[in-house]
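# Descriptive analysis of the structure
Each chain is listed here by its residues.
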Amino acid sequence: MIIKDRPTQLRVDLDALLNNYNKLNSLNIEKIGLAVVKADSYGLGAKVIARHLYENGVRHFATATLEEALELKDIIKDSMILVLGVINPLNVKYAVENNISLTCPSKEWLEDALLQIQGFDKKLKIHVKIDTGMGRIGASELEELEEINNLLASEKIDFEGIFSHYSNADGENDNYDNYQTENFERSIKVFTHKPKYIHIENSAGTVKYSDREDQYNLSRIGITLYGCYPSENIEKLDKIKLESVASLVSKVTHVKKFSKGQRLGYGISYEAEQDEYIATIPVGYADGILRRAQGFKIKVGSENCEIVGRVCMDQLMVRCSENIKVGDDVLIFGENNGQKISVDDFATYQDTISYEIFCCINKRVPRVYYKNKMEL
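Note that this is a predicted model, so its numbers are computed, not measured.

Reading guide: rules and limits
Residues numbered from 1 in each chain as written. Predicted model: local features only at pLDDT ≥ 70, side-chain atom pairs only at ≥ 80, totals over all residues. Heavy atoms only, no water. Helix = DSSP H or I, 4+ residues; strand = E, 2+ residues; numbered from the N terminus. Buried < 20%, exposed > 50% of the residue type's maximum accessible area, 1.4 Å probe, protein only. Contact = heavy atoms within 4.5 Å. Areas by Shrake-Rupley, 256 points an atom, 1.4 Å probe, with all protein chains shown as cover. Lys, Arg positive; Asp, Glu negative; His and termini not counted. Charge placed at Lys NZ, Arg CZ, Asp CG, Glu CD. Expected span 1.5 Å × (residues − 1). Polar contact = N/O pair within 3.5 Å; in protein donor to acceptor, adjacent residues only side chain to side chain. Axes fitted to C-alpha atoms, helices over the stretch in contact; angles between N-to-C directions. Parallel < 35°, antiparallel > 145°, perpendicular 65-115°, else oblique. Left-handed = near helix turned anticlockwise from the far one by under 90°. Nonpolar A, V, L, I, M, F, W, Y, C, P; charged D, E, K, R; others polar. Pairing = 2+ DSSP bridges. Phe/Tyr/Trp six-rings, centres within 6.5 Å; stacked < 30°, edge-to-face > 60°.

Now for the overall build of the protein. Scanning the protein from terminus to terminus reveals twelve helices and 21 strands. Projected onto its principal axes, the C-alpha positions of the protein cover 75 × 50 × 40 Å. Relative to its full complement of 376 residues, the protein shows a buried share of 52%. Counting only contacts in the protein whose residues sit at least 6 apart along the sequence, the fraction spanning at least 24 positions is 68%. Accessible surface for the protein amounts to roughly 17900 Å². Of this, 45% is attributable to carbon and sulfur atoms. Charge separation in the protein, taken as the distance between the mean sites of 47 positive and 56 negative side-chain charges, equals 5 Å.

What follows is the structure in structure tokens.
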């Protein structure tokens, strides 16, 4: 039996995940927290995460695609699963058969969808998407909304929800949020019947508008579920203390002494300024650590060590002291052995966001799950 010889792993704290959900869900007890588990739970493993949330009472989920929803249906059988993206109308029957809710982005889509379910006894659950200013998907013209409203009268349709999406809720002011909210409220009035769910808040909106009284009864919890604030503006509101969920860790596999002037790495982009030590870590851009991470300081043993030279496909190098040895722990982001590196700091250094950092971690990096501080 081959011994696992690559110590790099993405550790996921399921207790922290559930704590974050409960904290967010309690910000406004009038609203139901919908757990967004799209893109494999932002790369952290949707099947394990959805199961853990479901076993702890969560009954509302969202994915990006129908395929993602179907993969989770056996795990969260009696829950609402809303597909946030646009699916091919030819596949609507699979949603009906599996009791999955779909996004209606336009009148044309709804007309095509209705044609596909004429012979079905079950109804198609629909959440009508209103484009209030995001410009991505959804209807915005009142005339089209009125036509959608007429189609919803079909006995084949269960008009379950209506929703939109804030595009700047993580910004410094509320101006564009207010503009979108006004558009949303105006659009809602077009519909003859009020659906079961009305929602516009993403993670940023969930936190930012937790004290607001409105008619919305569902909030979509995404990146905050996984322990990250959508922006510094949301963190500064100081309404919630999120717990770190994901940690990318590894171990030193090689240490070598370098002489002053000696170069290393592709493009020989690093030159030792003095006699020093270089440690090699088995994680690279094929694992999701992009080349622009060069220069960032990670934890190696008890030291803050700078990534030197270009990040390779499978490995990277750091400058360290003579005290670093093969087998020493490495923390790239998250928490390990009492040490912390914010994934937001790691993302900011690379001019990106935590969402992208998580989603970039390749599948060859094992996901290891913890509950009650014990590995599952």
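Here helix α1 (residues 14-25) is twelve residues long and its end C-alpha atoms lie 16 Å apart, about the 16 Å a rise of 1.5 Å per residue gives. Buried residues along α1 sit in contact with β1 (9-13), β2 (32-36), α3 (46-55), α9 (203-208), β9 (218-221) and β20 (367-371). For α1, the N-terminal cap is D13; the gap from its side-chain oxygen to the backbone nitrogen of D15 is 3.0 Å.

Between α1 and α3, whose axes approach to 10 Å, the crossing angle comes to 55°. Judged on the interaxial angle alone, α3 and α1 are oblique. Relative to α3, the crossing made by α1 is right-handed. Listed contacts from α3 to L14, D15, L17, L18 and Y21 of α1 are V48, I49, H52 and L53. Class assignment of the residues belonging to the contact of α1 with α3 gives a composition of seven nonpolar, one polar and one charged.

On to the pairing of strand β16 (residues 303-308). Two elements, strand β15 (residues 297-300) and β16, share four bridges in a ladder whose sense is antiparallel. Bridge pairing in β16 links K299 to N304. Here β16 runs beside strand β17 (residues 316-320); their pairing, made up of two bridges, is antiparallel. Pairing of V308 across the sheet is with M317, part of β17.

With that out of the way, let us pick up the packing of aromatic side chains. As enumerated under the stated definition, the model contains ten aromatic pairs in all. Ring geometry for F159 against F191: centres 5.6 Å apart, planes inclined by 35°, an arrangement best described as tilted. With F159 in strand β7 (residues 157-163) and F191 in the loop between α8 (175-188) and β8 (197-199), this residue pair connects regions lying 32 residues apart in the sequence. Like F159, the residue F191 is buried in the burial classification. Measuring from centroid to centroid gives 5.2 Å for Y176 and Y179, while their planes differ by 35°, and the two rings are tilted. Note that Y176 and Y179 are positioned in helix α8 at a spacing of three residues, about one turn of the helix.

In this structure, A39 takes a positive phi of about 50° despite not being glycine. Counting through the fold element by element, A39 comes out in helix α2 (residues 38-42). Among the residues examined, A39 registers a relative accessible area of 36% and is labelled partly exposed. In this structure, N372 is a non-glycine residue whose phi angle is positive, near 55°. Note that N372 resides in the loop between β20 and β21 (374-375). Assessed through its relative accessible area of 59%, N372 is described here as exposed.

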